[in-house]
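Secondary and tertiary structure notes
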Amino acid sequence: MRYALISDIHGNLQALRAVLKTLENCQIDQYLCLGDVVGYGANPNECVRLVRNLTDKTVAGNHDYAAVELTDISNFNPHASEAVRWTARHLSEENKQYLKTLPLWLKMGSSNLVHSTPQRPELWDYILSPYDALTAFSYFEGDICFVAHSHRPMTFIQGPGGLLWDFSDRIQILSDSRYIINTGSIGQPRDRDPRACFALLDTETSEVRIQRVEYDISGAQAAIRAAGLPEILADRLQYGE
Ligand code: ZN
């Protein structure tokens, strides 16, 4: 089976379209979405519609829940909370109902999907260090936990040699190890690479690949500015920060 893992689209239709176009040629059996379909970008309805049509395997991100008042936004920064309010005003009622149905966690065979952390997904903590990963490893069963949320692709490997922190774009899944894999962000990368980021899991070759795709950044920026969303949300796209 070939899975495409998409995440943190954040209403960036230009980036999502570019990724889906690339994936058309990848013989994908199943799409999996790690959440934050909306928030920040100017096209939340279009992105929700595309994701809904692609897959019924989507977990909620903090921005998805924030837009439908299922999570508290008091710890969001001012630009993020302004974007949440804008998104809530512009989402269709049907798409709001859909976002409310998203679960915090999905298990697919020996893989887990969660937006933030397996220990307490509803608190939206980040896994950004081996220390964070060590805690997270004891809170899921199976070989792999796919996560998102930080918008930074990275992998933690718990194997016979201890805990490894890996930034490579090709991860071989070995039977004696366990993995926490952050698949990066499609719509707002923050690892200083502005290209849209997603992952492919091939269960035949036991391999995960992190992939990048260029997209129409200036189109996404123009849409954000035309929508009256905070300027910084447009600016940051070109730096991948
Ligand atoms: Zn996000």
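Our subject in this report is the structure included herewith. (Residues numbered from 1 in each chain as written. Predicted model: local features only at pLDDT ≥ 70, side-chain atom pairs only at ≥ 80, totals over all residues. Heavy atoms only, no water.)

**Concerning the coordination of the zinc ion**
Distances from the zinc ion to its protein donors, namely Asp8 (OD), His10 (NE2), Asp36 (OD) and His151 (NE2), fall within the range 2.0 to 2.3 Å. Here the zinc ion binds four donor atoms, and the angle range of 85 to 179° at the metal identifies the geometry as irregular. For the zinc ion, all donor residues lie on one chain, and their spacing in sequence is D-x1-H-x25-D-x114-H. Each member of the pair Asp8 and His10 is classed as buried. (Donors = N, O, S within 2.8 Å, 3.2 Å for Na, K, Ca; no water. Tetrahedral: all angles 85-135°; square planar, octahedral: opposite > 155°, others 65-115°. Buried < 20%, exposed > 50% of the residue type's maximum accessible area, 1.4 Å probe, protein only.)

**Examining the pattern of salt bridges**
Under the defined criterion, the tally for this structure stands at 11 salt bridges. Here Asp193 and Arg195 are joined by a salt bridge, their closest N and O atoms 2.8 Å apart. By relative accessible area, which is 33% here, Arg195 ends up partly exposed. Arg225 serves as the salt-bridge partner of Asp235, at 3.0 Å between the closest nitrogen and oxygen. Of this pair, Asp235 sits in helix α8 (residues 231-235) while Arg225 sits in helix α7 (residues 217-227), and the two are 10 residues apart along the sequence. (Salt bridge = Lys/Arg side-chain N within 4 Å of Asp/Glu carboxyl O. Helix = DSSP H or I, 4+ residues; strand = E, 2+ residues; numbered from the N terminus.)

**What to know about the nonpolar core**
One finds Ile6, Leu23 and Ile186 to be the most contacted residues of the largest nonpolar core, which totals 49 residues. In terms of residue count, the dominant contributor to this core is helix α1 (residues 13-23) (seven residues). Ignoring sequence-local partners within four residues, the contact set of Ile186 consists of Ile6, Ser7, Asp8, Ile9, Ala15, Leu16, Val19, Ala196, Cys197 and Phe198. (Core = buried A, V, L, I, M, F, W, Y, C linked by side-chain atoms within 4.5 Å. Contact = heavy atoms within 4.5 Å.)

**Observations regarding helix α2 (residues 44-54)**
If you check which residues of α2 are buried, you get Pro44, Asn45, Cys47, Val48 and Val51. Buried positions in α2, seen along its axis, are confined to an arc of 160° and lie on one side of it. In this structure, the buried side of α2 is in contact with β1 (2-6), α1, β2 (30-33), α4 (78-90) and α5 (93-100). (Arc of directions from axis to C-beta.)

**A closer look at the pairing of strand β7 (residues 162-166)**
As paired elements, strand β6 (residues 154-159) and β7 share five bridges and run antiparallel to each other. By the bridge assignment for β7, Ile157 is matched with Leu164. Counting the residues in the hairpin turn of β6 and β7 gives two residues. (Pairing = 2+ DSSP bridges.)

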